[in-house]
Amino acid sequence: MVFLNGTFLPLEQAKVPVLDRGFIFGDGVYELIPVYSRAPFRMDEHLARLERSLGAVRIRNPHAREQWREIVLGLIERQPWDDQAVYVQVTRGVAKRDHAFPEGVEPTVFAMSNPLVNPPAALVDDGARAVSAADNRWLRCDIKSTSLIGNVLLRQVSADAGAVETILFRDGVLTEASASNVFVAKNGRLLSPPKSNLILPGITYDVVVEIAQQLAIPIEFRDVREAEVRAADELWLTSSSKEILAVVELDGKTVGEGRPGPLYRRAWQGYQDFKRRVMRRESIPA
Ligand SMILES: Cc1ncc(COP(=O)(O)O)c(C=O)c1O
């Protein structure tokens with residue numbers, strides 16, 4: 001079952017008019033909320049980011065926070081899987097094609113939930129390959145917009161190379177990756193690009209920062225130059241579906257020792273423990 005404009009219905013019956021501005025202009029925003037053992041992980045943070053994205057693109061938020069929670073929870077309980085990825089999308093609505101905002105139009109709300117696919121154990125244990133590219137996206141990468149053509153083209157660069165991600169540099173400075181944030185480890189310290197208009201403020205990024213603080217791993221938020229990335233001891237990707245994933249090869253060159261490093265192992269374990277703790281606290285009685 002999926003959710004469309006107030007109703008839960010089978011996917012095959014969910015239909016949107018072709019003049020929906022999501023279809024015509026990519027005029028919408030979205031969220032992806034991971035769900036473990038039927039409990040949404042950091043739901044309020046994801047919903048806060050959705051609200052922020054809606055505000056940034058001036059789409060009227062059609063639901064109060066509590067209603068959003070009910071939609072997410074209602075969707076979860078209608079799926080057969082324990083671990084899920086809830087996708088929520090809001091577009092500006094259906095209107096005659098014209099760039100300027102239409103008046104009096106209801107936003108289109110669509111949500112679905114699929115099985116959550118985390119990286120397989122072999123990828124966690126052995127690390128992943130990535131390539132790099134120039135970050136040629138727009139200057140509002142902090143908005144989780146459905147206009148993802150920039151990210152799609154950049155992700156395809158790594159897909160074509162048989163790699164898991166494309167790490168992006170803008171003017172010689174690390175931004176993020178096509179669908180993840182990036183952390184760099186050097187000499188026992190973590191470096192991370194600060195939140196700005198050039199990166200998506202990842203919910204996993206915040207979790208990783210909290211874990212680093214809990215583990216007393218020093219972390220510095222500052223511009224990270226391309227040369228520093230290439231000379232890193234460790235390179236991590238973070239996202240709701242990847243959790244924390246070590247990059248062991250960038251553009252065909254070994255990163256650090258060529259295997260997931262000691263800080264990665266601590267942070268990855270910390271993330272699993274953190275998840276379990278949160279799940280125990282937040283789990284919904286059956
Ligand atoms: C461009 C980009 N950066 C970062 C992230 C990570 O965000 P989160 O940790 O909230 O999943 C994503 C997630 O899909 C993304 O698309």
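In this report, we go over the structure that sits alongside the text. This is a predicted model, so every value here is computed, not measured.

Basis of the calculations
Residues numbered from 1 in each chain as written. Predicted model: local features only at pLDDT ≥ 70, side-chain atom pairs only at ≥ 80, totals over all residues. Heavy atoms only, no water. 1 Å grid on protein atoms, 1.4 Å probe; cavity = no way out; pocket = protein on both sides within 12 Å on 5 of 7 lines; lining within 4 Å. Points joined across faces, edges and corners; volume = space filled by probe spheres on them. Helix = DSSP H or I, 4+ residues; strand = E, 2+ residues; numbered from the N terminus. Nonpolar A, V, L, I, M, F, W, Y, C, P; charged D, E, K, R; others polar. Buried < 20%, exposed > 50% of the residue type's maximum accessible area, 1.4 Å probe, protein only. Pairing = 2+ DSSP bridges. Contact = heavy atoms within 4.5 Å. Axes fitted to C-alpha atoms, helices over the stretch in contact; angles between N-to-C directions. Core = buried A, V, L, I, M, F, W, Y, C linked by side-chain atoms within 4.5 Å. Parallel < 35°, antiparallel > 145°, perpendicular 65-115°, else oblique. Left-handed = near helix turned anticlockwise from the far one by under 90°.

## Some thoughts on empty space enclosed by the protein
Applying the stated criterion to the full structure yields one cavity of 30 Å³ or more. Taken together, Asp 233, Glu 234, Leu 235, Ala 246, Val 247, Val 248, Val 255, Arg 259, Pro 260 and Gly 261 form the lining of the largest cavity. Put simply, the parts of the chain that give the lining of the largest cavity at least two residues each are strand E13 (234-239) and strand E14 (243-250). The leading source of residues in the lining of the largest cavity is E14, at three residues. For the lining of the largest cavity, the class distribution of residues is six nonpolar, one polar and three charged.

## Observations concerning the pairing of strand E9 (residues 173-177)
Here E9 lies mainly inside the structure; five of its five residues are buried. Across three bridges, the pairing between strand E8 (residues 165-170) and E9 is antiparallel. The residue of E9 that forms the bridge with Arg 170 is Val 173. If you look at the hairpin formed by E8 and E9, you'll find two residues sitting between the two strands, and Asp 171 has a positive phi there, around 50 degrees.

## Thoughts on the sheet that holds strand E2 (residues 7-9)
Taken in spatial order, the six strands of this open sheet run E2-E1-E6-E5-E3-E4, and their pairing is antiparallel. In the strand order of this sheet, the two ends are held by E2 and strand E4 (39-40), each with one partner. Here strand E1 (residues 2-4) pairs with E2 via three bridges, running antiparallel. Across the sheet, residue Val 2 finds its bridge partner in E2, namely Leu 9. With respect to the sheet, helix H2 (residues 43-57) is in contact with strand E3 (28-36), E4 and strand E5 (84-91), its orientation differing from that of E3 by roughly 175 degrees. Sitting on the sheet, helix H3 (residues 65-77) is in contact with E1, E2, E3, E4, E5 and strand E6 (108-115), with an inclination near 135 degrees to E5.

## Quick word on the nonpolar core
Phe 41, Phe 183, Leu 190, Trp 236, Ile 244 and Tyr 271 are the most contacted members of the largest nonpolar core, which totals 28 residues. For this core, the secondary-structure elements that each account for two or more residues are strand E10 (181-186), helix H6 (203-214), E14 and helix H8 (262-282). With seven residues, the single largest contributor to this core is H8. When near neighbours in sequence (up to four residues on either side) are disregarded, Leu 190 contacts Phe 183, Val 184, Ala 185, Ala 212, Ile 217, Pro 218, Ile 219, Glu 220 and Trp 236.

## Re the side chain of Ser 158
Examined against the element boundaries, Ser 158 turns out to sit in helix H5 (residues 149-160). For Ser 158, a relative accessible area of 0% translates into the label buried. Setting aside residues up to four positions removed in sequence, Ser 158 forms contacts with Val 131, Ala 163, Val 164, Glu 165 and Thr 166.

## Focus: the packing of H2 against H3
Where H2 contacts H3, the axes come no closer than 11 Å and their chain directions differ by 120 degrees. When the interaxial angle is binned, H2 and H3 end up oblique. When you trace H2 past H3, the crossing you get is right-handed. Seen from H2, the contacting residues are Met 43, Asp 44, Leu 47, Ala 48, Leu 50 and Glu 51; seen from H3, they are Arg 65, Trp 68, Arg 69, Val 72 and Leu 73. Its residues assigned to classes, the contact of H2 with H3 comprises seven nonpolar, no polar and four charged.

## So, the environment of Asp 223
For Asp 223, the location among the structural elements is in the loop between strand E12 (219-221) and helix H7 (226-230). Residues Asp 223 and Leu 191 lie 32 residues apart in sequence; the distance between their C-alpha atoms is 8.5 Å. Setting aside its immediate chain neighbours within four residues, Asp 223 contacts Val 173, Pro 194 and Glu 228.

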